[in-house]
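Descriptive analysis of the structure
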Amino acid sequence: MGRRGKKKGRPISGWVVFDKPVGMGSTEAVSKIKWLFQAEKAGHAGTLDPLASGMLPIALGEATKTVPYVMDGAKIYQFTVAWGEERSTDDLEGPVTKTSDQRPSEAEVRALLPSYTGVIMQTPPQFSAIKIAGERAYDLAREGETVEIPAREIEIGRLELIETTPEGHSVFEIECGKGTYVRSLARDMGRDLGCYGHIAALRRTEVDPFTDEDFVTLKELEAAAPSAEDRNSGAELDFSALDEFLLDTGAALDCLPQVPVNDDAATRIRLGNPVIIRGRDAPVEADEACVTSRGKLVAIGAIEAGMFKPRRVFTA
């Protein structure tokens, strides 16, 4: 007997700028969105811990090819640091490892911020996805091992103290580059202030090029999606209301020069062929650019001497 083929999802493409709730893991969020859209393929652009909330950009279909561009984008977080305790995970999840009766004044906290702005060196948390000798640091940490994680260079464009809560916690907003661990920031600031600290709340509000105006919640998606009952009925499903929440695949590529081409050129590019770029404003040289046709992404590639050479092609 022939083996039954695995049921494929829909060939749907685009970005869901998901407002991830606290308690949901990033992998769980991707699986949920993939199921709601019945998508063939899905992935996310930057992990959020289960205890964190906020922006988790999820790519469907062809948009997964643009994930690296979103992962490289600047990010904005709001986070609360509880002083007086350091924890194994640098957030509320782990047990307390160090305590202090000292509490920093608002002036002391503000005075510290310039040393955490700009290009700095940062050591990731023990509970992180960093690979040590081929193993994830969090796996080693769960087994009770303390590993040496080398410090690495990160960039923090802005770090501001927003408020001090009645409990004495400090609320910050940060704009930072790829690879920044906010949990490490809380740990290190606590040590510098001599009082210890850990993350008590964390919310990601932006991942460039997306903003909070692009947010969509699980409640909104579930309300627009076909119900589980409809999915099990065997009837043809209507995803039109759900698909309204999708941003175009090309929305991730605002960082690249955008070059429109006609239908003939788009067809040639999708076959992997280079084309001459025409138009008064078309760049003559570009290490990386994307071409569009009728507002839809066609390919990413390089422009050399006025010729576009595709490197990554997207289906129509």
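The residue numbering used here restarts from 1 in each chain and proceeds along that chain's sequence as written. For a predicted model such as this one, the threshold for reporting local features is a pLDDT of at least 70, and the threshold for listing and counting side-chain atom pairs is 80 or more; totals across whole chains, interfaces and linings nevertheless cover every residue. By convention in this description, side-chain values take in all heavy atoms of the structure and omit both hydrogens and water.

1. Examining unusual backbone geometry
Cut-off, in case you're wondering: Secondary structure is summarised from DSSP: a helix means a run of H or I of at least four residues, a strand means a run of E of at least two, and numbering begins at the N terminus for each.
Residue Asp208 is joined to Pro209 through a cis peptide bond whose omega torsion reads 15°. Relative to the helices and strands, Pro209 is located in the loop between β12 (197–207) and α6 (218–224). In this model, Gln38 sits at a positive phi of 50°, which is unusual for a non-glycine residue. As for its position among the elements, Gln38 is in the loop between α1 (26–37) and β2 (42–44). Not every positive phi belongs to a glycine, and Tyr196 is a case in point at roughly 65°.

2. Focus: the environment of Asp248
Our working rule: Between two residues, a contact is recorded if the distance between any of their heavy atoms is within 4.5 Å. For this analysis, a polar contact is any N or O atom pair within 3.5 Å, provided that within protein one partner can donate a hydrogen and the other can accept it, and provided that sequence-adjacent residues contribute only side-chain to side-chain pairs.
When you line up the elements, Asp248 lands in the loop between α8 (240–243) and β13 (258–260). In sequence terms Asp248 and Phe79 are 169 residues apart; their C-alpha atoms lie 30 Å from each other. When neighbours within four sequence positions are excluded, Asp248 is seen to be in contact with Gly14, Trp15, Gly295, Lys296 and Leu297. Looking at Asp248, its side chain comes within polar contact range of the main-chain nitrogen of Gly250, at 3.0 Å.

3. Quick look at the environment of Val22
Along the polypeptide, Val22 turns up in the loop between β1 (14–20) and α1. Counting along the chain gives 11 residues from Val22 to Ile33, while the straight-line C-alpha distance between them is 16 Å. Setting aside residues no more than four positions away along its own chain, Val22 makes contact with Pro50, Leu51, Ala52 and Ser53.

4. Comments concerning helix α5 (residues 182–192)
The condition is simple: Type-normalised accessible area, obtained with a 1.4 Å probe on protein chains alone, sets the label of each residue: buried when under 20%, exposed when over 50%, and partly exposed for intermediate values.
By the criterion of burial, α5 is predominantly enclosed, with 9 of the 11 residues buried. When we look at burial in α5, the residues that qualify are Val182, Arg183, Ser184, Leu185, Ala186, Arg187, Asp188, Met189 and Gly190. Just past α5, the residue Gly194 takes up positive phi, approximately 75°.

5. Structural notes on the sheet that holds strand β17 (residues 307–313)
As a reminder of what qualifies: Paired strands, in this sense, are two strands between which DSSP finds at least two bridges. Fitting a line to C-alpha atoms yields each axis, with helices limited to the stretch in contact; the angle taken between N-to-C directions then spans 0 to 180 degrees.
Pairing is mixed in the open sheet, where 5 strands are placed in the order β13-β15-β16-β17-β14. Looking at the sheet topology across the chains shown, the edges are occupied by β13 and β14 (275–276). Across 2 bridges, the pairing between β14 and β17 is antiparallel. Paired with Ile276 across the bridge in β17 is Met307. Across the sheet, helix α9 (residues 263–270) is in contact with β14, β15 (286–293), β16 (296–304) and β17; its angle to β16 comes to roughly 75°.

6. What to know about the confidence of the model for the chain
Defined as follows: Here pLDDT means the predictor's own confidence in every residue, given as a number from 0 to 100.
Per-residue confidence for the chain gives a mean pLDDT of 91, with 92% of residues at or over 70. Within the model, pLDDT remains below 50 along residues 1–5, and this stretch shows 0 contacts once partners closer than five positions in the same chain are excluded.

7. Thoughts on the state of the cysteines
Our working definition: By convention in this document, the label disulfide applies to cysteine sulfur atom pairs within 2.5 Å.
Scanning the entire structure with this criterion turns up 0 disulfides. Here Cys176 is not cross-linked by a disulfide; its sulfur's nearest cysteine counterpart is in Cys255, at 17 Å. Here Cys290 is not disulfide-linked; the sulfur of Cys255 is the nearest cysteine sulfur, at 8.1 Å.

8. Structural notes on the environment of Phe215
Topologically, Phe215 is positioned in the loop between β12 and α6. With relative accessibility at 19%, the residue Phe215 sits in the buried group. Those residues in contact with Phe215 that lie beyond four places of it in its chain are Val17, Phe18, Asp19, Gly54, Met55, Arg203, Arg204, Thr205 and Glu220.

9. Topic: a nonpolar patch on the surface
For the record, the criterion: To count toward a patch, a residue needs a relative accessible area above 30% and no salt bridge. Like charges then connect within 9 Å, nonpolar side chains (Val, Leu, Ile, Met, Phe, Trp, Tyr) within 5 Å. All accessible areas in this document rest on Shrake-Rupley with a 1.4 Å probe, and a residue is counted as covered only by the protein chains that are shown. By salt bridge we mean one thing: a side-chain nitrogen of Lys or Arg within 4 Å of a carboxyl oxygen of Asp or Glu.
Together, Val22, Leu51 and Leu92 give the surface a local cluster of nonpolar side chains, amounting to about 250 Å² of exposed area. With respect to the helices and strands, the residue Leu51 is situated in the loop between β2 and β3 (53–60).

10. What about the packing of aromatic side chains?
For clarity, the cut-off: Two aromatic rings from Phe, Tyr or Trp, using only the six-membered ring of Trp, form a pair when their centres are within 6.5 Å; if the ring planes differ by under 30 degrees the pair is stacked, by over 60 it is edge-to-face, and anything between is tilted.
All chains considered together, the criterion is met by 2 aromatic pairs. Here Trp15 and Phe210 contribute two aromatic rings whose centre-to-centre distance is 5.5 Å and whose plane-to-plane angle is 50°, an arrangement assigned as tilted. With a gap of 195 residues between them, Trp15 in strand β1 and Phe210 in the loop between β12 and α6 connect regions that are remote in the sequence. On the basis of relative accessible area, Trp15 is assigned to the buried category, the value being 0%.

11. Quick word on the nonpolar core
General note: in soluble globular proteins, nonpolar side chains tend to be found buried as a group. Note the cut-off: The nonpolar core is taken to be a set of buried Ala, Val, Leu, Ile, Met, Phe, Trp, Tyr and Cys residues, with the residues joined through side-chain atoms within 4.5 Å.
Counting residues in hydrophobic clusters, the biggest one holds 26 residues, and the most contacted among them are Phe79, Leu159, Phe172 and Met189. For Met189, the contacting residues outside a window of four places in its chain are Phe79, Val81, Trp83, Leu112, Leu113, Tyr116, Leu159 and Phe172.

12. Here we look at the pairing of β17
Bridge analysis of β16 against β17 gives 6 bridges, and the strand direction is antiparallel. Looking at the pairing, Glu304 lines up with Met307 of β17. Counting the residues in the hairpin turn of β16 and β17 gives 2 residues, including Ala305, whose phi is positive at 50°.

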